[in-house]
Amino acid sequence: MNSRVGRYCKGLCTLLLLCVAMLANATHQRAGEISYRYISGLTYEFTITTYTYSASPADRPQIEVFWGDGSSSIIDRTLKQAITSSIDINVYVTQHTFSAAGTFYVSFEDPNRNAGIVNIPNSVEIPFYIETMIVINPFIGGNSCPVLMNPPIDNGCTNVIYYHNPGAYDADGDSLSYSLISCRGYNGEVIPGYTLPYASNYISIDSVTGDLVWDSPTMAGEYNVAILIEEWRNGILISSMVRDMQITIAPCNNTPPEIELYDTCVVAGTRIDLPIYVYDSTSTQATLSATGAPLLLDVSPAQFMPITDDVPYMTHFVWQTVCEHVQPEPYNLLFKAQDNGPQVNLVSFKSMNIRVIAPAPKMESATPYGNTIEVVWHPDSCSNAVGYDIYRRSGSNPFDPDSCETGMPTDAGYEWIGSTSAWSDTVFVDEGYVLPLYHANEYCYRVVALFANGAESIVSDEMCTQLFNDAPLITHADVVTTDEQNGIVHVQWMRPPEIDSNAFEPPYYYILYRKSGDVPEFVSITDTIAAMSDTILYMDHDLNTVDNDHTYKVVFCNLDTAIECSDPATTIFLDIAPSDKRLPLNWSVRQPWNNVQYTVFRHEEGATDWDTVAVTTNTTYTDYPLDNEKTYCYYILAEGYYWLPDTTGPFWNRSQQVCARPIDNEPPELPVVEITTDCYTVDFQWTFSSDTAMSDAWYYYVLYKPTLEGEFTCIDSFPALMTDCQGATCHHTLTTSEVIVGCFAMMVADSSANVTEMTDSTCIDVYECLDYHLPNVFTPNGDGNNDILTPYHPYVGIESVNMKIYNRWGKRVFATEDPEIRWDGTEETTKQPCSDGVYFYSCDVYIQTLTGLESYSLHGSVTIIR
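Residues numbered from 1 in each chain as written. Predicted model: local features only at pLDDT ≥ 70, side-chain atom pairs only at ≥ 80, totals over all residues. Heavy atoms only, no water.

Caption draft 1: Here's a closer look at the overall build of the protein. A count of helices and strands for the protein gives two helices and 61 strands. Against the 2.2 N^0.38 benchmark of 29 Å for 866 residues, the protein shows a C-alpha radius of gyration of 40 Å, more extended than a compact globule. Taking the principal axes of its C-alpha atoms as reference, the protein extends roughly 145 × 75 × 55 Å. Within the protein, the fraction of its 866 residues that count as buried is 47%. Counting only contacts in the protein whose residues sit at least 6 apart along the sequence, the fraction spanning at least 24 positions is 65%. Looking at the protein as shown, the accessible area adds up to about 41,000 Å², and 50% of this sits on carbon and sulfur atoms. (Helix = DSSP H or I, 4+ residues; strand = E, 2+ residues; numbered from the N terminus. Rg over C-alpha atoms; globule rule 2.2 N^0.38 Å. Buried < 20%, exposed > 50% of the residue type's maximum accessible area, 1.4 Å probe, protein only. Contact = heavy atoms within 4.5 Å. Areas by Shrake-Rupley, 256 points an atom, 1.4 Å probe, with all protein chains shown as cover.)

Here is the structure:
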């Protein structure tokens, strides 16, 4: 063989080998994500799903996955299947056991995406990168990430709104949030020059539902977007997944179909049969499919098969619900309609929320036994209930719960008094431990079933009863005279309404007992009092009614037997806590009857009469505005009733009289402060709610600390008279000769030296006062002008940078940690001048801040012109 032929054959072989190598790495990756499910211990099963171009000679029967713990694995493909005429789905499944708990970023990178992606410059040379974050925490428990039911390959039309939803389903019931992020390439870095697809109006994703809306594509082509799906449990981030998806936009005359459906709420055991309507004005047929938790349940799953029919049409969603479906949050179904448009098949999505709630327990009885009440209900609610909450109120409130309302409404007047801990535990004895039980009052009960997942049933109907009225009923514990030694209390009671004279024969008599203030024991204060009439009155003298309340009880007796004791009744005790131009009144009420309202009486210095200043159903009242240092006296008059067996009342009881003076012991109002800076002066602007509030301010203090961990100190103070105010808004300027980094706040004092708390602080960090930017063009032609790429000057506080500059094919041409950059336009390896054109950079800037060394990122482009 002559040398020319030999050289030709050798060159041909070299060319063939090069072509084979290029084909092996041909472009193909279009979309994908990484998902996982919990197995046991520290072991998880991971599924890597990718979507590739079918006609590409490149193939990936094996891929390498990096586990984020310093190790990686080669994984064999378990499935390759065509999903369209040009797209294959590739699935790789394996298990990995981590060595310890922690947070790990599991990733996969492929050398090439497909060529021609509109919003990724030179996409053919850009790696495809996807990542999933997993948190392994024994306190959180085993977790499986959400499953994405809709594929990340989709189509749309120019000038038509595009819709997509990943169809995420989380089997653990965790909360999901969605956001759009930049697609990533080499080593997980943001792709230089990446942008979201251009929209005539906007492109965004709903953070709650995951609905992606692109309104609207303007240019045909292939686009990639990345969706970050974060999983939350009890407010804690426990996983995240990045889905990189591809959307092909084509010119077409089509509009997506429309879906009409409605949310619903049903009681467990109800068979749901909901109509769903599909319309389309530009196509003849549409296919409707659905994804979501009800279709995936182990017990009595919902039934819905994909349907293709001429539009418009109606179909049905059917689901036989059972008690196992009860949960606090609604079930979400995502319906997808795809038309048969002539150029592009367009889709639309519509969510349906279905809430399944537990039926109400059925009340059977509320029966008094002595001084207790036994409540019984039937376990008509679901047998997977884990217990019940029992509620009680005084007097009836026969409300019906709102539609789909579970649990006890907060405004129903019922209070929790106890629980049981099993579905079959349907008896509760109210002994008055949580809330006292009194004679001659009606008590009504309701029950709510509880479930292990936090769900509650519909509240039961109410069941009402009363204790046997076989005890004396005290009607008065009325302070007649207020004095430290000679106070008088009027005590009065009624004969027991229901006396079993066969069991307890007359004659009857009473013994009156009293305890005062914090003294724990009752002492008798009378000899026997004959029960000669229906009402008995007793005046209790020589008491300290200024400092103490007084509690009474009456024992009903015959012969030597104590038959029954009344419920205790305490005098109303009034307390006043003087404040600035006001007197807040608070009174304690511990009485067995129902007080329907309270009248507040006041006596002023120099006045002859007591005046009514308020009537309220509350046990608090603030008298305002008043004069500081002027004396005001008060007492409370309560109007009370017993409701059973017949309405008895009204009867009136007074508190002791209390006198007090308002005093200026409150700081001024805390204004709303806005603090801004130009890095050489700090401007404070604050606003009070009114001119009156501002007039109470006497002096201002400026506080400062240089770091977040430091302590605030006062660096400036000035009187209110020296501030510049317009209406209730004032401002003050603090001047400094150096760049200000630190936290600022204010405090306000009044003329009585009452000082406010510190206002909310504003922290000024170094990067707010720096301007580190790069020019977008330089001319390294050796003329001494603009030959070196450097940042604009001046800049301050930059510790270092991590600058990387890439050519339009994604190859790095320069890197440095010098904040001055100093790139002369040469390639870092060959040291040869780079060609004229656009270069993309990614720069991490490291600065000293309030919290230490931090970084932020700059991304952009620079053009070389020689």
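Caption draft 2: A look at the pattern of salt bridges. This model, assessed by the stated rule, comprises 23 salt bridges. Two residues, Asp 273 and Arg 271, come together in a salt bridge whose shortest N-O distance is 3.6 Å. In the salt-bridge network here, residues are joined through shared partners; they are Asp 59, Arg 77, Lys 80 and Asp 88. (Salt bridge = Lys/Arg side-chain N within 4 Å of Asp/Glu carboxyl O.)

Caption draft 3: A look at the sheet that holds strand β18 (residues 264–267). Taken in spatial order, the five strands of this open sheet run β18-β24-β23-β20-β21, and their pairing is mixed. Both edges of this open sheet fall to β18 and β21 (307–310), since each of them pairs with a single strand only. Put simply, the sheet's adjacent strands are angled 25° from each other on average, direction ignored. The sheet contact formed by β18 and strand β24 (residues 347–357) spans four bridges and is parallel. Directly across from Cys 265, in β24, lies its bridge partner Arg 355. (Pairing = 2+ DSSP bridges. Axes fitted to C-alpha atoms, helices over the stretch in contact; angles between N-to-C directions.)

Caption draft 4: The arrangement of the environment of Arg 866 in detail. Relative to the elements of secondary structure, Arg 866 occurs in the segment after β61 (852–864). Relative accessible area serves as the criterion here: at 36%, Arg 866 is assigned to the partly exposed category. Those residues in contact with Arg 866, other than ones at most four positions away along the chain, are Pro 780, Asn 781, Gly 825, Pro 833, Cys 834, Ser 835 and Asp 836. Here Pro 780 takes part through its backbone oxygen, which lies 3.2 Å from a polar atom of the side chain of Arg 866. Here Gly 825 takes part through its backbone oxygen, which lies 3.4 Å from a polar atom of the side chain of Arg 866. (Polar contact = N/O pair within 3.5 Å; in protein donor to acceptor, adjacent residues only side chain to side chain.)

Caption draft 5: Expanded view of the sheet that holds strand β22 (residues 313–320). Strand order in the open sheet made by the three strands is β17-β19-β22, with antiparallel pairing throughout. The open sheet has two free edges, formed respectively by β17 (258–260) and β22, since each of these has just one partner strand. Taking the axes of each pair of neighbouring strands and ignoring which way they run, one obtains an average angle of 25° across the sheet. Pairing of β17 with strand β19 (residues 271–279) involves three bridges; the strand directions are antiparallel. Note on β19: the bridge partner recorded for Ile 259 is Val 278.

Caption draft 6: Here's a closer look at the state of the cysteines. In the structure shown here, the tally under the stated rule is seven disulfides. Between the sulfur atoms of Cys 157 and its disulfide partner Cys 252 the distance amounts to 1.6 Å. Here the residue Cys 157 occupies a position in strand β9 (residues 153–157), and Cys 252 occupies one in the loop between β16 (236–250) and β17, the gap between them amounting to 95 residues. The exposure class of Cys 157 is buried, given its relative accessible area of 2%. Here Cys 252 falls in the buried class, since its relative accessible area comes to 14%. Shown here is the disulfide that connects Cys 323 with Cys 382, its sulfur atoms set 1.9 Å apart. The disulfide joining Cys 323 to Cys 382 has a torsion of about -75° about its S-S bond and is therefore left-handed. Of the two residues, Cys 323 is situated in the loop between β22 and β23 (331–339) and Cys 382 in the loop between β26 (372–378) and β27 (387–394); the sequence distance between them amounts to 59 residues. Judged by relative accessible area, Cys 323 falls into the partly exposed class, the value being 23%. Overall, the relative accessible area of 2% leaves Cys 382 in the buried class. Considering cysteine sulfurs only, Cys 557 is the nearest to Cys 565, which forms no disulfide, with 9.2 Å between them. (Disulfide = S-S within 2.5 Å.)

Caption draft 7: Representation of the packing of aromatic side chains within the structure. Counted according to the given criterion, the structure contains 33 aromatic pairs. Here Trp 214 and Tyr 223 contribute two aromatic rings whose centre-to-centre distance is 5.1 Å and whose plane-to-plane angle is 80°, an arrangement assigned as edge-to-face. The same class applies to Trp 214 and to Tyr 223, which are both buried. Seen from their ring centres, Tyr 704 and Phe 744 are 4.9 Å apart, and the 45° between their planes marks the pair as tilted. With Tyr 704 in strand β51 (residues 699–705) and Phe 744 in strand β55 (residues 742–749), this pair connects stretches of sequence that are 40 residues apart. Given the relative accessible area of 2%, Phe 744 is considered buried. (Phe/Tyr/Trp six-rings, centres within 6.5 Å; stacked < 30°, edge-to-face > 60°.)

Caption draft 8: Quick look at the pairing of β16. The element β16 is largely enclosed, with a buried count of 11 among its 15 residues. In the sheet, β9 pairs with β16 via five bridges, with the strands oriented parallel. Paired with Gly 156 across the two strands is Ile 249, which belongs to β16. Note: strand β15 (residues 221–233) against β16, 13 bridges, orientation antiparallel. Looking at the pairing, Ala 226 lines up with Asp 244 of β16. Here β15 hands over to β16 after two residues, with Asn 234 in that stretch at a positive phi of 55°.

Caption draft 9: Geometry of the confidence of the model for the protein. Summing up the model confidence of the protein, the mean pLDDT is 91 and the portion of residues at 70 or higher is 96%. Scored below 50 in pLDDT, residues 1–26 makes 10 contacts in the model with residues more than four places away or belonging to other chains. (pLDDT = per-residue confidence, 0-100.)

Caption draft 10: Geometry of the pairing of strand β6 (residues 102–110). Bridge count between strand β3 (residues 62–66) and β6: two bridges; the pairing is antiparallel. Considered in β6, the bridge of Val 65 is made with Phe 108. In this structure, β6 lies alongside strand β7 (residues 128–136), joined through nine bridges in antiparallel fashion. Within β7, the residue paired with Val 106 across the bridge is Thr 132.

Caption draft 11: Representation of unusual backbone geometry in the model. Omega for the peptide link from Val 311 to Pro 312 comes to 0°, which places this bond in the cis form. As for its position among the elements, Pro 312 is in the loop between β21 and β22. The omega torsion of the bond from Pro 506 to Pro 507 falls at 5°, within 30 degrees of zero and hence cis. Within the secondary structure layout, Pro 507 lies in the loop between β33 (487–494) and β34 (508–516). Backbone geometry places Asn 122, a non-glycine residue, at a positive phi of 50°. Look at Asn 122 and you get partly exposed, because its relative accessible area is 23%. Of note, the phi angle at Asp 542 is positive, near 60°, even though the residue is not glycine.

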